[in-house]
Amino acid sequence: MKHLLIAAGLLTATSAMAAEKPELTVYTYDSFVSDWGPGPKVEEAFEAICECDLNLVGVEDGAALLSRLRLEGNNTDADVALGLDTNLIETAKKTGLFAPHAVEAKYTLPVDWADETFVPYDWGYFAFVHKKGASVPSSFRELAESDTKILIQDPRSSTPGLGLLLWVKSAYGDEAADIWAGLSDNIVTVTKGWSEAYGLFLDGEADMVLSYTTSPAYHLIAEEDDSKATAAFDEGHYMQVEVAAKLAGTDQPELADKFLNFMVSDAFQSIIPTTNWMYPAVTPASGLPAGFETLQTPEKALLLAPEDAVAARREALPEWLEALSQ
Amino acid sequence: MARSAQPVSSLPGVAAALLVAALILGTLTAVALRAESGHGFSFSDWTALKFTLTQAVLSAVISVGLAVPVARALARRRFKGRSLLIALLGAPFILPVIVAILGLLQVFGRSGWISDVLVYFGASPIRIYGLHGVVLAHVFFNLPLATRLILQGWQEVPSERFRLAAQLGCDGWSLFRLIELPMLKRILPGALAVIFAICLTSFAVALTLGGGPRATTIELAIYQAFTYDFDLGRAALLSALQLALTAAAAFAALKLSRGEGFGAGLDRAIQRWDGGTPILDSFWIILAATFLLLPLSAVVLSGVAGLFALPFLVIKSALISVGVASASTIILLLLALPMAAAVAVRRHSTVELAGILGLAASPLVIGTGLFIIIRPWANPTDLALPVTALVNAAMALPFALRILVPAAKDTVSRHGRLALSLNMEGWVFFTRVFIPRMRPQIGFAAGLAAALSMGDLGVIALFADPEIATLPLQIYRLMGAYKMEAAAGGALLLLVLSMSLFWLLDRGGRWHAEA
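By convention here, each chain's residues receive numbers from 1 onward along its written sequence. To read the labels, note that chains go from A and ligands from 1, taken in the order they are written. Local features in this predicted model are restricted to residues of pLDDT 70 or higher, and side-chain atom pairs are both shown and tallied only at a pLDDT of 80 or more, whereas totals for entire chains, interfaces and linings draw on every residue. Excluded from the side-chain calculations are hydrogens and water; all other atoms, namely the structure's heavy atoms, are used.

The name given to chain B in an unreviewed UniProt entry is Thiamine/thiamine pyrophosphate ABC transporter permease ThiP, with Pseudovibrio brasiliensis as the source organism. UniProt positions are given in the numbering used here, feature names are shortened, and annotations may be inferred rather than shown by experiment. Quoted straight from UniProt, the Subcellular location (unreviewed entry) entry for chain B says "Cell membrane".

An unreviewed UniProt entry annotates chain A as Thiamine-binding periplasmic protein of Pseudovibrio brasiliensis. Checking UniProt for chain A, the heading Sequence similarities (unreviewed entry) contains the comment "Belongs to the bacterial solute-binding protein 1 family." UniProt lists a comment for chain A under the heading Subcellular location (unreviewed entry), and it reads "Periplasm".

A.B. asks: Please provide a residue-by-residue account of the overall build of chain B, values included.
C.D. replies: Runs of H or I in DSSP of at least four residues are treated as helices and runs of E of at least two as strands, each being numbered from the N terminus. Along the backbone of chain B there are 22 helices and 0 strands. The reference for a compact globule is 2.2 Å times residues^0.38; the radius of gyration itself is calculated from the C-alpha atoms. Relative to the globule expectation of 24 Å for 515 residues, the C-alpha radius of gyration of chain B, 23 Å, shows essentially globular dimensions. The dimensions of chain B, computed from C-alpha atoms along their principal axes, are 65 × 65 × 45 Å. A contact between two residues is defined here by any heavy atoms of the two lying within 4.5 Å. Considering only intrachain contacts with a sequence separation of at least 6, the fraction spanning at least 24 residues in chain B is 85%. Per-residue accessibility takes into account occlusion by the displayed protein chains alone, with areas from the Shrake-Rupley method and a 1.4 Å probe. Surface summary for chain B: the accessible area is close to 19,900 Å², and the carbon and sulfur share equals 69%. Only four residue types enter the tally: Lys and Arg on the positive side, Asp and Glu on the negative side, with His and both chain ends excluded. For the purpose of locating charges, the reference atoms are NZ of Lys, CZ of Arg, CG of Asp and CD of Glu. For chain B, the distance from the average site of its 38 positive side-chain charges to the average site of its 24 negative ones is 7 Å.

A.B. asks: Let's hear about the environment of A:I152: which residues, and what values?
C.D. replies: All names here are of chain A. On the secondary structure map, I152 appears in strand β6 (residues 150-153). Separated by 40 residues in the primary sequence, I152 and K192 place their C-alpha atoms 9.0 Å from one another. Contact partners of I152, with chain neighbours within four places excluded, come to F128, L164, W180, I187, T189, V190, T191, L210 and W320.

A.B. asks: Account for the nonpolar core, with residues named and values stated.
C.D. replies: Side chains that are nonpolar tend, in soluble globular proteins, to be buried together. Residues A:F98, A:F128, A:F140 and A:F259 are the most contacted members of the largest nonpolar core, which totals 280 residues. Note that the domain bounds were set by an automatic or database domain assignment. Viewed by domain, this core spans two of them, domain 1 (18-123 + 241-290) and domain 2 (124-239 + 293-325) of chain A, each represented by three or more residues. Here the nonpolar core consists of buried residues drawn from Ala, Val, Leu, Ile, Met, Phe, Trp, Tyr and Cys, with membership extended through side-chain atoms lying within 4.5 Å. For each residue, the accessible area found with a 1.4 Å probe, counting protein chains only, is set against the maximum for its type, and the residue is called buried under 20%, exposed over 50%, and partly exposed in between.

A.B. asks: A description of the domain arrangement of chain A should follow, citing residues and the corresponding values.
C.D. replies: Residues and elements named next belong to chain A. Looking at the assigned domains, one finds that chain A contains domain 1 (18-123 + 241-290) and domain 2 (124-239 + 293-325). At the interface, 19 residues of domain 1 touch 27 residues of domain 2. Throughout, the accessible surface (probe 1.4 Å) given up by two parts as they are put together, summed over both, is called the buried area. Note on domain 1 versus domain 2: buried area summed over both sides is about 1,900 Å², and carbon and sulfur give 66% of it. Any Lys or Arg side-chain nitrogen located within 4 Å of an Asp or Glu carboxyl oxygen qualifies as a salt bridge. Inspection of the region where domain 1 meets domain 2 yields 0 salt bridges. Here the term charged refers only to Asp, Glu, Lys and Arg, the term nonpolar to Ala, Val, Leu, Ile, Met, Phe, Trp, Tyr, Cys and Pro, and the term polar to all other amino acids, Gly among them. Counted by class, the side of domain 1 that touches domain 2 contains 12 nonpolar, 3 polar and 4 charged residues.

A.B. asks: Any chance you could break down the pairing of strand β8 (residues 208-212) of chain A for me, citing the residues and the numbers?
C.D. replies: Residues and elements named next belong to chain A. Counting buried residues along β8, 5 of its 5 residues qualify, which places the element largely inside the surrounding structure. Looking at chain direction, strand β5 (residues 119-131) and β8 are connected through 5 bridges and run antiparallel. Bridge pairing in β8 places F128 opposite L210. Strand pairing is defined by DSSP finding a minimum of two bridges between the two strands. Two strands pair when backbone bridges link them, and β6 and β8 are joined in this way by 2 bridges, in the parallel orientation. Within the sheet, the bridge partner assigned to I150 lies in β8 and is M208.

A.B. asks: Would you mind going over a nonpolar patch on the surface in detail, with residue names and values included?
C.D. replies: A patch is a set of surface residues, each over 30% in relative accessible area and not in a salt bridge, joined within 9 Å for like charges and within 5 Å for the nonpolar side chains Val, Leu, Ile, Met, Phe, Trp and Tyr. Taken together, B:V57, B:V61 and B:L192 make up a surface patch of nonpolar side chains, about 220 Å² in accessible area. Inspection of the secondary structure puts B:V61 in helix α2 (residues 43-76).

A.B. asks: For the UniProt feature "domain: ABC transmembrane type-1" (unreviewed entry) in chain B, give the residues involved together with the corresponding values.
C.D. replies: Taking the numbering used here, the UniProt-annotated feature "domain: ABC transmembrane type-1" (unreviewed entry) corresponds to residues 49-253 and 318-505 of chain B. Between the first and last C-alpha atoms of residues 49-253 of chain B the distance is 21 Å; the span itself is 80% helix and 0% strand.

A.B. asks: Describe in detail the interface of chain B and chain A, supporting the description with residues and values.
C.D. replies: Each side of the interface is counted separately: chain B has 52 residues, and chain A has 60 residues. Between chain B and chain A, a total of about 5,000 Å² is buried, with carbon and sulfur atoms accounting for 56% of that surface. In terms of surface lost to chain A, no three residues of chain B exceed B:R110, B:Y228 and B:Y482, which account for 19% of the buried area on that side. Where chain B touches chain A, the interface holds 4 salt bridges. Here B:R375 and A:E72 are joined by a salt bridge, their closest N and O atoms 3.8 Å apart. Pairs of N or O atoms within 3.5 Å make up the polar contacts considered here, provided that, within protein, one atom can donate a hydrogen while the other can accept it, and that residues adjacent in sequence are counted only when both atoms are side-chain atoms. At the junction of chain B with chain A, the criterion picks out 10 residue pairs in polar contact (both at pLDDT 80 or more). Looking at which element gives the most residues to the side of chain B that touches chain A, the answer is helix α21 (residues 471-480) of chain B, with 7 residues. When grouped by side-chain class, the residues that make up the side of chain B that touches chain A number 29 nonpolar, 15 polar and 8 charged.

A.B. asks: So what's going on with α2(B)? Residues and values would help.
C.D. replies: Along an α-helix, a turn takes 3.6 residues, which lines up residues three or four apart on a common side. Taking 1.5 Å of rise per residue, 34 residues should cover 50 Å, and α2(B) covers 50 Å from first to last C-alpha, within 8% of that figure. Two axes enter the bend calculation: one fitted to the seven residues ending at the residue in question, the other to the seven starting there, and the bend is the angle between them. At B:A67, α2(B) shows its maximal kink, close to 25°; a proline, B:P69, follows between one and four residues later. The span you would expect from a helix comes to 1.5 Å times its residue count less one.

A.B. asks: A description of the pattern of salt bridges should follow, citing residues and the corresponding values.
C.D. replies: Where charged atoms from two side chains of opposite charge come close, those side chains can pair. Considering all chains together, one arrives at 14 salt bridges over all chains under this definition. Across the salt bridge formed by A:K169 and A:E319, the nearest N and O atoms sit 3.1 Å from each other. Placement of A:K169 in helix α8 (residues 159-172) and of A:E319 in helix α14 (residues 306-325) is noted, with a sequence separation of 150 residues between them. The pair formed by A:K169 and A:E319 is uniform in burial state, with each residue classed as buried. Between B:D506 and B:R148 there is a salt bridge, and its shortest N-O distance comes to 3.3 Å. Here B:D506 is found in helix α22 (residues 484-509), whereas its partner B:R148 is found in helix α7 (residues 131-156), with 358 residues between them in sequence. Residue classification places B:R148 among the buried positions, given a relative accessible area of 11%.

Rendered as structure tokens:
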């Protein structure tokens, strides 16, 4: 069937031209490629300048994406992987599947960025989202002592869950286990991924849910609903920086470089805030969309270096498991 | 040793069983062979095993225990809307898990309907998270299946038996002891084993309602081994453990459910003369209906608003899902009917076992295994839909066999000898006697397979192509993009489509005036 379609396509002039265009395959996560995510707009904008065919392939979330690449090894169709975060970088580098980049950009990240393999494209602060008007704790300690009920994600299956684990670990170090012990009676439940937890929160199952400081922007801008806010924590807020990289085995190295450069340009970056609901890695000339100024800006940004994140996870996961298994 | 002649050959069934076993064990082997490192069993794996077994045993016993009085009440009573109620009772089983959970929470949750009433009267809201929440959700999912399986058992009792019992003045306890108890002894072990196995592989329910790491199941451990650790060896090991557990349960059930049927009858519509207690029967029917229909109503209520604003993409994925479900149903029947015939003529318990393996197989392992196998030959993404249809069929096979096998045994034992004496064999027997006589079971099995395939979010997630998402995947994408109202609308659409497919096929299969 497919061969018939291709054969038929070759008979017409336009398809023949399309067939000559090189194809760039980008593996990313599911929500990036959905019609409501950045995918369709990014595809349109890049194809307008690249004379190529951009093929975005969605694979669940960032962690599953890395597993998929490891499964395929050097045999992968992917030219670029987009959607890992800093906590996965170290593991990703160890696979030897990725190649260095030559992108130079003036990042507007709250931290310095100098990674020769991975290029950041957006970022956000983890935060607990709550309904306005509720009494809100201002630190993990206060949260642990309060009756506030929270929903979190499993660090073994989701990137926000892992982010929270590293947030507590980087803020409290050796005391992290005690914090988790204190938090255990505040946790309503632990879900597999972000969607489940956020759905439960909107259904009123808890006072707060682990998400991002940018989550209220969605409700405000897309739904004209200003009833959501995020809790500011004194310890500072752990960040998620989402990154992309070129695969070492790509057969389109120039196109892949072109895509990574495009990714930090205004055209790409201005799509991110209202589709991926994260901060752009390089603030576009037009600035952030109206509504983003209402968001909470944490005083202190926490982020473990990639190699420290792996070590911290190794230490923090058993603590977390033990505290919540009591 | 001379074998007695049989009206149908068991060879196609054995071949189908081999195919299914190859799919499940082959993919597992592919994953194991691809393993780079392995850490073996950790302490947390043992905890997961313990929790998995505890919740699966509790869920199976409670679901089946409640289903017996409910099925008995439904078997004895005739009332308006009965067949609609039976069709509706099938709904929870085919709902996507996250939708069903949100529905359950709107009833039993912290700010759910029941808690609202409790809080109004000054009591504290109910706590649903924990082992009891997991079991509650599993009973919600599996009570309907148990009820239907047991109800089928009641309906397979020839009406002449009840007629004779009525003539002899058997009533109440003696009727139960003489007719119903032997039937239950034959049906219950299978029902218990099926539900035990379903709950064994529980993933989203256990994780969402379990409350934390206490509620880790083996299936979740497999998922974790895949995503963060990329430890294929451990994933394969856990998957093998899951298969072994299910196979053991299934084997025990097959041994226990031996026993002859009730022999031939004239297929008259069943009439019941034993009165029983109408009030008690009504109590059970109303209790089950309330428990199952309230959360469904919650899904409908929250979905209605979103239903009218569904983007075209959701409609498109709904059409794709219907296509996949249809293909999956056809594959299922091509596998299950010969297998049921093989079991009926030769008592091949290995054939049945091969079918039951589908319950224990982790979709993630099958998907990954197929991915490894397909990749050198073709782009797996191009094959996303056929692979999904095939895997869904294998997953529905255990249910189909539980439904088809008892009827197949009865058909062969009732009509086999007569057919042979008339030289009616093989294909002729299969198409003229076997299939027509099993129409109700085939319809039920096909309906279940179609509905299960509609709601499945297993393999497609691994193979997905942005252009061809199925409806459940699209619902998750909507949620991931904060479009909760559209997701609720999509969920309602999924509920309506699954129910319609189930109802159409199930209805098409029935020939008795009553169901």
